[in-house]
Structures are given as structure tokens and as C-alpha cells.
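Overview (structure and organization)
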Amino acid sequence: MNRITLSRLTRVAAVASLSLGPVVLVGAGTASAAAWPVCSGTTFTSSCVYTVPGNGTLNVTADGASGGLGVGSTATGGSGAHVETSIKVTSGEELLIMVGTSGSSSTTNTGAFGGNFGGGTGGNGNWWGVGGGGGGGGLSGIFNSLSVSQGSALVVAGGGGASCYDEVGGNAGNADGSGNAGQGTLSATDGGGGGGATQSAAGAAGLVPTTGSGTSGTAGTAMHGGDGGSTTDGSSGGGCGGGGGYFGGGGGGPDNIGNTGAGGAGSSYVSPDVVTSDGATTYSVSTLADGQVTAAFSPILISPPPTTTPKLPFTGVNTGVPLALAAGLVAGGGILVLLGRRRYNH
């Protein structure tokens, strides 16, 4: 694996305040590794750059973040994925470790922002001032470039979908790396739930009710969850955002005085190019609200060759026969036969 060329790398924006706007997965501009904090220790709760100390393996666990809540939801947001694997690394590589945050919950008619990194935004509602959808959870993972993309992904743990009103967001972390769809059955009054993502396709959009007005949710995309749909119907709520992931979950549809669609979960992934031959990868549902990544380095151990005692050359000198005796026998026509360290004179 080649050392990374930093001049081509793209910085990921991390927005801390809701007032600053939605968190995006990849921001504009370029940055060197110095723009990111240096990873310290083995457990990471915020994003940083990790420099591989030698040739060997990283034993990795990655947890995606959970989705938030739409107004009026009594459920919890969909859970992120928990991924365990072991990957091959090369001395001097600079790896970007991304740690997702949970999606925000809405308390107004404005949809809440998705979590860092890749969570979809909730849709806007029109329900006595409190109908906004919740944001999807962000992904966590390790990338071999500061440009976050599927092509640079080594390990990805998907984020969970946001829950809306009575509909529960999808959980990430199925055994095949896929995420579940968000709840929501399309009808005249109810919005459809966002689809769950797989390792080969993003989650589908949740649709607007058949008698409603407004917009459907959007489908997920590579690395990003879809946004929840918005509504202009009175007493109605916006759909909820999908979770980020290798592919993002779909955003849920709004309602028409019914139930809003929840967001689908993102998918998880481990690159087959770097996973160790003896390192089994497991996917399961995370128990954490915010994301987390652990990376423990193990160097390649090379065993030294076995130690052996060198054999001495088979000569008269090494048998212990005095040189004077050997010379006398030869001069007198005698023959000296050497077998091991025993001497026979003929």
C-alpha cells in the first residue's frame, strides 16, 4: 500500500453548532494531515489522523452513530452498526479515522440536522410549529486518504435512521453489513419509510402520502443518508433522515395528518483488499449513541532461523591427532585411518 499523497486530499467539515447549518460529509478545499488532530491511544471518540508505526495489522472495532428523533416520537433512534475486523497496514501510512455523531432531534417545524458524518437531514413539518423530522446518524470508519469516499474506505460502520412520531428508524449492523429500512407504510395519510442500504445499493426514498402535498424523502447515496421529505399539509410532520454508511439509508416521507416515515439505516463495509486472511469480520448492532473507533496495532513478527552447531571439517588436525604423529606415520609409510575421533594404525 503506497504512502498517501497529501496534496490531493480533501478535508471533511465538522460543524459543531446547529445554527451553522447541516453537517456535510466532504467539505470544499484541501488540507494536509496537519489540519487534523493526531490520533493518540487506541480508542477514538473524535476524528483524527493515525500514522501507522510499522508493517502489521490493525485490530479494529467501529461503531456508527444512532439516529435522532422527530417531533412527537416516543421511540429511540435507530442504532448504528458495530463492526469488528483486522486489516493489513504498512509503515508510514496516514489513515483518517472518522467518528460519527448521533443525529439531532427536532423541537420545531424545522427538520433537524444529521450527525457527523453522512447523516441525512430531517424534513420540515407544518404541525402547530412542532413538526420537524429528526436527523440520521453518522458513519464511523477508517480511510486510507483524507478524501472520504467509497474508493478510500477500509472500514465503515453505518449509522442508524431517525425515528419519526410512531415510526422507528432502521438499525444498522445486519450480519451481511446491510441496514434495516425505517418503519412507515405508505397510505393516503402516512408517509413511507426510508429504505435500508446494502453493500451494493443505497436505501430508497420514503414517499409522500398519496393524498398529501409536499415532497418525498430522498434516496441515500454513497457515504450519505437521504433527507426526510417536507410537507405543506396542516397538522403534518416532516419525514426523518437516513443514516450514513458505505451506502446511505433512505429518508422517510412526510405525513398528511397521519404517521411520518422513519429513516433507513446505512450499510457497513470492510475492504477485501486489506482484510487479513485469518481475520473474520463481524457485523452487529451497536449499543452506543455516538460513534467510536478503536484501532490496536500489532507488528508482523519474523521468527529468527533456528540455531545449529556448525560441523567441523574432517581433517587430521580436527580429529585431535598430534601433527608430529601424523607426519611420522606418513614418512614411515604407515596409513592413518580416521573414523570420528577413533584412530586406527595399519
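Our subject is the structure listed above.
Residues numbered from 1 in each chain as written. Predicted model: local features only at pLDDT ≥ 70, side-chain atom pairs only at ≥ 80, totals over all residues. Heavy atoms only, no water.

1. Re the sheet that holds strand β9 (residues 282-285)
Read across the sheet, five strands follow the order β1-β10-β3-β4-β9 without closing on themselves; strand pairing throughout is antiparallel. At either margin of the open sheet sits one strand with a lone partner, and together these are β1 (43-44) and β9. Alignment of strand β4 (residues 81-89) against β9, held across four bridges, turns out to be antiparallel. Paired with Glu84 across the strands is Thr282, a residue of β9. (Pairing = 2+ DSSP bridges. Helix = DSSP H or I, 4+ residues; strand = E, 2+ residues; numbered from the N terminus.)

2. Here we look at the sheet that holds strand β8 (residues 269-270)
Strands sit in the order β2-β5-β6-β7-β8 across an open sheet of five strands; the sheet is antiparallel. Edge positions in the sheet fall to β2 (48-51) and β8, since each has one partner strand and no second.

3. Concerning the nonpolar core
Phe44, Tyr50, Leu58, Ile87, Leu95, Ile97 and Val155 are the most contacted members of the largest nonpolar core, which has 26 residues in total. Taken together, the elements giving at least two residues each to this core come down to β2, β3 (56-63), β4, β5 (94-98), β7 (153-157) and β10 (292-299). Sort the elements by how many residues they give to this core and β4 lands first, with four residues. Once you skip the residues sitting within four places of it in the chain, Ile87 turns out to touch Gly56, Thr57, Leu58, Val60, Leu154, Val155, Val270, Val274, Val275 and Thr276. Counting residues in each nonpolar core, the second largest holds 16 residues, with Trp36, Ala153, Met223 and Phe247 among its members. (Core = buried A, V, L, I, M, F, W, Y, C linked by side-chain atoms within 4.5 Å. Buried < 20%, exposed > 50% of the residue type's maximum accessible area, 1.4 Å probe, protein only. Contact = heavy atoms within 4.5 Å.)

4. Describing the state of the cysteines
Taken as a whole and judged by the stated rule, the model has two disulfides. Should the bonded cysteines of the protein chain be numbered as they appear in the sequence, the pairing reads 1-2, 3-4. (Disulfide = S-S within 2.5 Å.)

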